[in-house]
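# Analysis of the macromolecular model
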Amino acid sequence: NNSNSSNSSSNNTSSISIVVNAFTQNTLTNSTTITNSSTTSSTASSYNSSNNTLNQTDEFLKLLEQSAVFFRALRDLPQFGRQYIPYFRRAFEIYDKLWKFQMINRPLIEKNIKRSDIGEIAGNIAKVYYDYYLRTSEYQYLAQSFIFYDSIRKRRYFKDYPENQNSILLIKKMHYYAKFIVVCIMLNNLNVVNELHSSVNKLFEPRSGMDKNANWITTFK
């Protein structure tokens, strides 16, 4: 389990780097395009528009990187004692800002990163809530974990994930299903469990190649 957790954390880290690089490149390109195409506007107006976009980009990237740092740090905290509390509080604060930012600035966000990247952010938030529940046994954190996992399903953030056995993204999708099913079982939400189970079964159809993956087959059985 520790090995899987470490690999998952490593994948999250590289995923964050990919999002940061793509977001930076696309935003700078879009910003330049806006500036160069605004020939009918005043120079000051073009500069302010471009500068505002770059400020929003900086804020988003800062929150994204901070959230990644705390997500990794929480994994390494000791399982006992109460020294974890300030770390989780800080993580909740950063993720709250990050999630609100992407909601308020959705046009900018969706122009520069994929919906699946937003889904990964939601998944990380759900995982933090779940981990905090395991430490405190406070029901509301398990409920919050469900809300964020369920938002991925209802908003179909992962619908564009390629479904072939060599896809890292597909493995992440499988991790999402596994974690969400556990949360649903703990909440005794069997209706959603059945829906998720049906979705998972489709991933094991022969055309996907996942039907040959013995580890995942054993896990979901």
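As a convention, each chain's residues are numbered from 1 in the sequence order in which they are written. A pLDDT threshold of at least 70 governs which residues receive local features in this predicted model, and a stricter bar of 80 or more applies before side-chain atom pairs are shown or counted, although totals over entire chains, interfaces and linings include all residues. The side-chain figures draw on all heavy atoms in the structure; neither hydrogens nor water molecules are used.

To continue, consider the confidence of the model for the chain. What pLDDT reports is the predictor's confidence in each residue, on a scale of 0 through 100. On average, the chain scores 74 in pLDDT, and the residues at 70 or more come to 64%. Labels follow the DSSP assignment, with helices taken as runs of H or I lasting at least four residues and strands as runs of E lasting at least two, numbered in each case from the N terminus. Within the chain, no element has a lower average pLDDT than helix 1 (residues 2-37), which sits at 42, and none a higher one than helix 6 (residues 139-154), at 95. Whether two residues are in contact is decided by their heavy atoms, any of which lying within 4.5 Å being enough. Across residues 1-6, confidence stays below pLDDT 50; counting only partners more than four residues off in sequence or on other chains, it has two contacts. Scored below 50 in pLDDT, residues 13-49 shows 35 contacts in the model against residues more than four places distant or in partner chains.

Below, the discussion takes up the nonpolar core. We call a set of buried Ala, Val, Leu, Ile, Met, Phe, Trp, Tyr and Cys residues a nonpolar core when their side-chain atoms join them within 4.5 Å. Any residue under 20% of the maximum accessible area for its type is buried, any over 50% is exposed, and the rest in between are partly exposed; the area is computed with a 1.4 Å probe on protein chains only. With 52 residues, the main nonpolar core has F60, F88, W99 and F180 as its most contacted residues. Per element, the largest residue contribution to this core is ten residues, and it comes from helix 5 (residues 115-136).

This part takes up helix 5. Taking 1.5 Å of rise per residue, 22 residues should cover 32 Å, and helix 5 covers 32 Å from first to last C-alpha, within 8% of that figure. Note on helix 5: the residue one or two positions beyond its end, S137, has a positive phi of about 60°. One fewer than the residue count of a helix, multiplied by 1.5 Å, yields its expected span.

As a further point, take the environment of Q144. Tracing the backbone through its elements, the reader meets Q144 in helix 6. In sequence terms Q144 and A126 are 18 residues apart; their C-alpha atoms lie 7.0 Å from each other.

Any Lys or Arg side-chain nitrogen located within 4 Å of an Asp or Glu carboxyl oxygen qualifies as a salt bridge. Here the structure, examined in full by the defined rule, presents nine salt bridges. The shortest N-O distance in the salt bridge between K127 and D131 comes to 2.8 Å. Taken as a pair, K127 and D131 lie in helix 5 at a separation of four residues, close to a single helical turn. Residue class for K127 comes out partly exposed when judged on its relative accessible area of 22%. R153 is paired through a salt bridge with D150; the nearest N and O atoms lie 2.7 Å apart. In this pair, R153 and D150 both sit in helix 6, three residues apart, roughly one turn of the helix. In this structure R153 comes out as partly exposed when scored by relative accessible area, which is 26%. One network of salt bridges, with partners in common, ties together D150, R153, K154 and E195.

Our next topic: helix 8 (residues 190-203). Across its 14 residues, helix 8 extends 20 Å between first and last C-alpha, which sits within 8% of the 20 Å expected from 1.5 Å per residue. Restricting attention to buried positions, one finds in helix 8 the residues V192, V193, L196, V200 and L203. Buried residues of helix 8, seen end-on, are gathered within an arc of 100° and therefore sit on one face of the element. Across from the buried face of helix 8, at angles greater than 90 degrees, the exposed residues are N191 and N194. Working definition: the arc comes from the directions between the helix axis and the C-beta atoms, pointing outward to the latter.

The next point concerns the packing of aromatic side chains. The description of two aromatic rings rests on the distance between their centres and on the angle between their planes. What counts as a ring pair is set by centres within 6.5 Å for rings of Phe, Tyr and Trp (its six-membered ring), and what kind of pair is set by the plane angle: stacked under 30 degrees, edge-to-face over 60, tilted for all other angles. Applying the stated criterion across every chain, the model contains 18 aromatic pairs. Ring geometry for Y176 and Y177: centres 5.3 Å apart, planes at 45°, overall tilted. By the burial criterion, Y176 is buried, and Y177 matches it. Each residue in the set Y84, F88, F92, W99, Y129, Y132, Y141 and F148 is aromatic and connected to the rest through ring pairs, giving one cluster. Note that R135 overlies the ring of Y84, its terminal NZ or CZ placed 4.9 Å from the centroid. Here, over-ring charges are defined by two tests on the NZ atom of lysine or the CZ atom of arginine: distance to the ring centre within 6 Å, and angle to the ring normal within 35 degrees.

Moving on, we come to the packing of helix 5 against helix 6. In this analysis, axes come from line fits to C-alpha atoms, helices being fitted only over the stretch in contact, and the angle between any two N-to-C directions falls in the range 0 to 180 degrees. At a closest axis distance of 8 Å, the pairing of helix 5 and helix 6 adopts a crossing angle of 160°. When the interaxial angle is binned, helix 5 and helix 6 end up roughly antiparallel. Between helix 5 and helix 6 the crossing geometry is left-handed. Residues G119, A122, G123, I125, A126, K127, Y129, Y130, Y132, Y133 and T136 of helix 5 lie in contact with helix 6, whose contacting residues are Y139, Y141, L142, Q144, S145, F148, Y149, S151 and I152. Angular relationships are summarised with four words: roughly parallel below 35 degrees, roughly antiparallel beyond 145, roughly perpendicular across 65 to 115, and oblique for the angles in between. Take the far helix as your reference; a near helix turned counterclockwise from it by less than a right angle gives a left-handed crossing, and one turned clockwise gives a right-handed crossing.

Mapped onto the elements of the fold, R135 is located in helix 5. Of the side chains with opposite charge, D131 lies nearest to the buried R135, which makes no salt bridge, at 6.7 Å. Among all residues touching R135, those that are not within four sequence positions of it are L74, L77, P78, Q79, Y84 and F88. Just so you know, the count uses Lys and Arg for positive and Asp and Glu for negative, and it drops His and the chain ends.

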